[in-house]
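# A closer look at the structure
Residues per chain, in single letters:
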Amino acid sequence: MMAQKQPLQPLHNTVAAGFDKNGVLWRIVPSEKSVWVDSSADNGKTFGPAVKVNPEPQKIHATPEDPPQIAIGRSGSIYLLYSADDRQKATTFFTLSTDEGRSFSRPMPVSDHADRARNYMDALLLDRNENLYVFWHDQRHELPNGSLALYYASTNTPLSGQFANHAISDDICSCCRTAVALAPDNQPVVLARMVFPGHIRDHALFKQINATTWSAPRRVSWESRALDACPEQGPALAVDGRGRSHMVWFSLGEDRQGIFYAHTDDYGKTLSPPQSLGNPEHLAVHPDVLAVEDLAVIVWQEFDGAYHRVFGIVSADRGEQWSKPAVLAETRSESGQPKLIGNGRQIFLSWVKGQTHEIIEIKR
Amino acid sequence: MKKIPKLIGIASLLLAMTAITQAGSFRPFISGSYQKILADHQGTPFALILWSLSCSSCLKEMSALAELKQRHPEFTLVLISTDTLDEIKEINQLLERHLLTDLENWVFAGHNAQTLRFEIDPAWYGELPRTYFFNRSQQRTAISGALSPEDFLSLLKDDRPPAPSQ
């Protein structure tokens, strides 16, 4: 096939990337009518030819808040989610490559209401047995407070295209992405912005207890004021190997607007005191967090009117103490949201700035 | 060869501008447009409303604006959609449904939405809807979140110096 040259002008600065077990970096890049997958053997310095994922052209949707998703299993299979117009204006499609990215299965909608209700804000998770979890916001339970329902499906036979749909919760803020991570007991944890009574948009943690049961939402943030507005800023979540959930989020509070960090060792029953991050005069936004063993890293974005900068802080003691913020990258061009990815040993910043996708190692 | 992408970029911008003209009286909101709006409305109290197709609270605001416009056609309302030019058809449909196409309508058209937002208000995180009320001397009050027709009435009629922007 003809090589698609490095290239790819990502739609609205959205790219998702992840490592396979051999340290090869894979990424999904959306364009107007197609989604593409390519890979890099040198941590993102150079990429090989891109493979087109969707056989027929589709109108692809991707925004910095709702980018496509990628996960690579221990088997080497590459799992993707992306959003495109179908019978509804926004429909989540799943596809999978079992031949190291040479070809992809026919994209299938994951929602069993895809013909009747929009679904978007996708998240993808593989458990330790490579069972697939897919999460999305579903318009089938839209409420007048501007909230949708959070749905998920899990399967160990994703090629079957059978995704039994289950609701986790109503009252999910429609315009903010939901964060997912895997707990040490091999069950998923979800951090979502909810719409509480009186238009309070604060965050709650959910944990799957067994194959069919989820915990009730445990509220973990209290900054927001009553506001019938879309913040378009979802939280981020990382659970370390000993079960500490590291959480970062954005709030439009009365006293303090901006981004916050807290952790919990019991999935939201008790919390560390929320710590504010970033320079509020420079619009600190879009935090991400990743944990590898005792190491935790947080990145976020600031804008001073001319430069978009990504700042990072590092903790070597599971989020008790943090380094001073350091500038990791900057640009004057429009940029995507900063994302953290790990290969099991190192943590990298993945950031689209201007028309380039940068992968920058974050030193401890 | 290197110039081709740039030319394609200009061509698609021109095409998009044509689409804008065909769809109604949409104006591309680019760097400098905010100052143009201020200059155009000097001496008149007005409301500047930023909204997006993807924002459910904004749809409520559209209904409020429809009612307000019907009851008080004398008020000056300026709308800016923060969506992209390729969504112009959907933007037009939504405004048509609320009989708002004959208002002054702008659509974000620059390549850097963050910079456009910053030009309007360096303290705005981008939450929508976002409404600015300008008095005669162009002092402004910023409010995030959907407003009722009554909110608009009280804020548009109030021509005293407003409270500092939040």
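The rules we used
- Each chain carries its own residue numbering, running from 1 in the written order of its sequence.
- As a convention, the first chain written is A and the first ligand written is 1, with the rest following in written order.
- The predicted nature of this model means local features are confined to residues of pLDDT at least 70 and side-chain atom pairs, given and counted, to a pLDDT of 80 or more, with totals for whole chains, interfaces and linings taken over all residues.
- Pairing between strands is defined by DSSP: at least two bridges between the two strands are required.
- Labels follow the DSSP assignment, with helices taken as runs of H or I lasting at least four residues and strands as runs of E lasting at least two, numbered in each case from the N terminus.
- Lines fitted to the C-alpha atoms define the axes, with helices restricted to the stretch that makes contact. Angles between their N-to-C directions range from 0 to 180 degrees.
- Any residue with 12 or fewer other C-beta atoms within 10 Å of its own C-beta is exposed, any with 20 or more is buried, and the rest are partly exposed; the C-beta atoms used are placed from the backbone.
- The arc in question is the one traced by the directions running from the helix axis out to the C-beta atoms.
- In predicted models, pLDDT denotes the confidence assigned by the predictor to each residue on a 0 to 100 scale.
- In this description, a residue-residue contact is defined by the distance between C-beta atoms placed from the backbone, which must lie within 7 Å.

### Some remarks on the sheet that holds strand β29 (residues 356-362) of chain A
Residues and elements named next belong to chain A. With antiparallel pairing, the three strands of this open sheet are ordered in space as β27-β28-β29. Both edges of this open sheet fall to β27 (339-342) and β29, since each of them pairs with a single strand only. Between one strand axis and the next, the sheet turns by 30° as a mean value, whatever way the strands run. Relative to β29, strand β28 (residues 347-353) runs antiparallel, the two sharing seven bridges.

### Points about helix α4 (residues 88-97) of chain B
All names here are of chain B. Within α4, the full set of buried residues consists of I88, I91, N92 and L95. The buried residues of α4 all sit within an arc of 95° when viewed along its axis, so they share a single face. Facing away from the buried side of α4 by over 90 degrees, the exposed positions are K89 and Q93. Once α4 finishes, L99 follows within two positions and takes phi at roughly 55°, a positive value.

### Notes on the pairing of strand β7 (residues 78-84) of chain A
All names here are of chain A. β7 sits mainly inside the fold: seven of its seven residues count as buried. Side chains I78, L80, Y82 and A84 project from β7 onto one buried face, and the interleaved Y79, L81 and S83 project onto a second face that is buried too. Of the pairings in the sheet, the one linking strand β5 (residues 60-61) to β7 comprises two bridges and is antiparallel in character. From the neighbouring strand, I60 faces β7, where its bridge partner is A84. Examined bridge by bridge, strand β6 (residues 69-72) and β7 share four bridges and lie antiparallel to one another. Note on β7: the bridge partner recorded for A71 is Y79.

### Digging into the confidence of the model for chain A
When the pLDDT values of chain A are averaged, the result is 93; 98% of them are 70 or greater. Confidence drops under pLDDT 50 across residues 1-6 of chain A; counting only partners more than four residues distant or on other chains, this segment forms five contacts.

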